[in-house]
Amino acid sequence: MKKKSLKKFAYYSIAVAISTIGLKTSAYLLTGSMGLLSDALESVVNLLAAVVALLMIHIAEKPADKGHDFGHSKAEYFSSAIEGFLIIFAALGIMWTSIPRLIHPVAIENLDVGIYISLVASLLNFVMAQILMFNGKKYKSILLEADGKHLMTDVWTSIGVILGIILVGITNFLIIDPIIAILVAINIIWIGYKLIVKSANGLMDGAITSDELEKICNYLDNLKTQQIDYHSLMTRQAGRRKFISFHILVPGNWSIKEGHDLADKIEKEIEDLFFEPVHVTTHIEPIEDPISMLDIGIERKPDTTQTEIDF
């Protein structure tokens, strides 16, 4: 199955980030709102993250070579980790610029214009975020999913900022503006932390999901009626690609060709269970020989819960 390139989504993200930077910067210059400034700063981070995503997609989509026998798909995890750190860096910048406004509040001008401009920018980010998250799930790309979630934090940031500006206009309580900016920054730090943890788990060769594992086991269990069994099932996820390996137990009087043909058939049918790229490795063993069962201890059952790295 030919892998679909994800680069176009990174280009879309870059174009949207440039547009929203221009819109939000204009809104800040017109109003002087710290909330809108924090919003604009996060859009700058969005642009940096999109550029990093494009670079990592280019690396991840390279075919296997002499130094990388299993390809380069793990590059996606580096991108989402970098994006997590960028999000946290942006949040700290928002706090740094907002604290002085807590001490010395400043009046906000041109509220209506600023709100309209920010709404347009938020709509662009919302549409782009939905596109990225949908295709991230479709193609099992942590990179696109991370970028989409990042953009959704930007959308929620903008909503919080807009509500804060409206409250300032109604109450004339100027301190609301920097308070909203700081609260938004705290939420952004939490999102960045979760992205970093998810990326770390991927780099540690996390297994495929329980639902995906159950799909494989259901297929293999159906073969038992043909005197074919299996054990030592292991999986790992590397970016968009899944790696699956297990031992197939067949009657000992089978010829090498019979075992080989069966292995090819099973590998192909398991690959066809998934939309994204899958690499299946099998090992044929005689079902009657007790030695064949010595490594059964490494088998993983479908109801085993995936372990996430906990910091």
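Whatever comes next refers back to the structure up there.
Residues numbered from 1 in each chain as written. Predicted model: local features only at pLDDT ≥ 70, side-chain atom pairs only at ≥ 80, totals over all residues. Heavy atoms only, no water.

As for the packing of aromatic side chains
- Applying the stated criterion across every chain yields a total of two aromatic pairs.
- With 6.2 Å between their ring centres and 85° between their planes, Phe 9 and Tyr 12 make a pair best called edge-to-face. Residue Phe 9 and its partner Tyr 12 are both found in helix H1 (residues 7–31); the two are separated by three residues, about one turn of the helix.
- Judged by its relative accessible area of 4%, Phe 9 falls in the buried class.
- On the basis of relative accessible area, Tyr 12 is assigned to the partly exposed category, the value being 42%. (Phe/Tyr/Trp six-rings, centres within 6.5 Å; stacked < 30°, edge-to-face > 60°. Helix = DSSP H or I, 4+ residues; strand = E, 2+ residues; numbered from the N terminus. Buried < 20%, exposed > 50% of the residue type's maximum accessible area, 1.4 Å probe, protein only.)

Side note on the sheet that holds strand S2 (residues 241–250)
- If you trace the three strands from one edge of the open sheet to the other, you get S1-S2-S3, paired in mixed fashion. Of all the strands in the sheet, just strand S1 (229–238) and strand S3 (278–286) have a single pairing partner and so form its edges. In this sheet, neighbouring strand axes are inclined to one another by 10° on average, regardless of whether the strands run parallel or antiparallel.
- Two strands pair when backbone bridges link them, and S1 and S2 are joined in this way by eight bridges, in the antiparallel orientation. Paired with Ala 238 across the bridge in S2 is Arg 241.
- Packed onto the sheet, helix H7 (residues 210–221) meets S1 and S2 and runs at close to 155° relative to S1. (Pairing = 2+ DSSP bridges. Axes fitted to C-alpha atoms, helices over the stretch in contact; angles between N-to-C directions. Contact = heavy atoms within 4.5 Å.)

Topic: the environment of Leu 220
- Along the chain, Leu 220 turns up in helix H7.
- A residue is classified by how much of its surface remains accessible, and Leu 220, at 2% relative accessible area, is buried.
- Taking the C-alpha atoms as reference points, Leu 220 and Tyr 230, separated by ten residues in sequence, lie 7.2 Å from one another.
- Aside from chain neighbours lying at most four places away, what touches Leu 220 is Tyr 230, Phe 246, Ile 266 and Ile 270.

What about the nonpolar core?
- Ranked by size, the top nonpolar core spans 23 residues in total, and within it Leu 6, Phe 9, Ile 57, Leu 132, Leu 143 and Leu 144 carry the most contacts.
- Every element with two or more residues in this core is listed here: H1, helix H2 (34–60), helix H4 (111–138) and helix H5 (142–171).
- With seven residues, the single largest contributor to this core is H2. (Core = buried A, V, L, I, M, F, W, Y, C linked by side-chain atoms within 4.5 Å.)

A look at the pattern of salt bridges
- Within the structure shown, the criterion is met by six salt bridges.
- The partner of Asp 261 in a salt bridge is Lys 257, and the shortest N-O contact between them spans 2.7 Å. Of this pair, Asp 261 and Lys 257 both sit in helix H8 (residues 256–271), four residues apart, which is roughly one turn of the helix.
- Residue Asp 261 is classed as partly exposed on the basis of its relative accessible area, which comes to 36%.
- Between Lys 268 and Asp 272 there is a salt bridge; the shortest N-O distance is 2.7 Å.
- One salt-bridge network, held together by shared partners, links Asp 221, Lys 224 and Asp 229. (Salt bridge = Lys/Arg side-chain N within 4 Å of Asp/Glu carboxyl O.)

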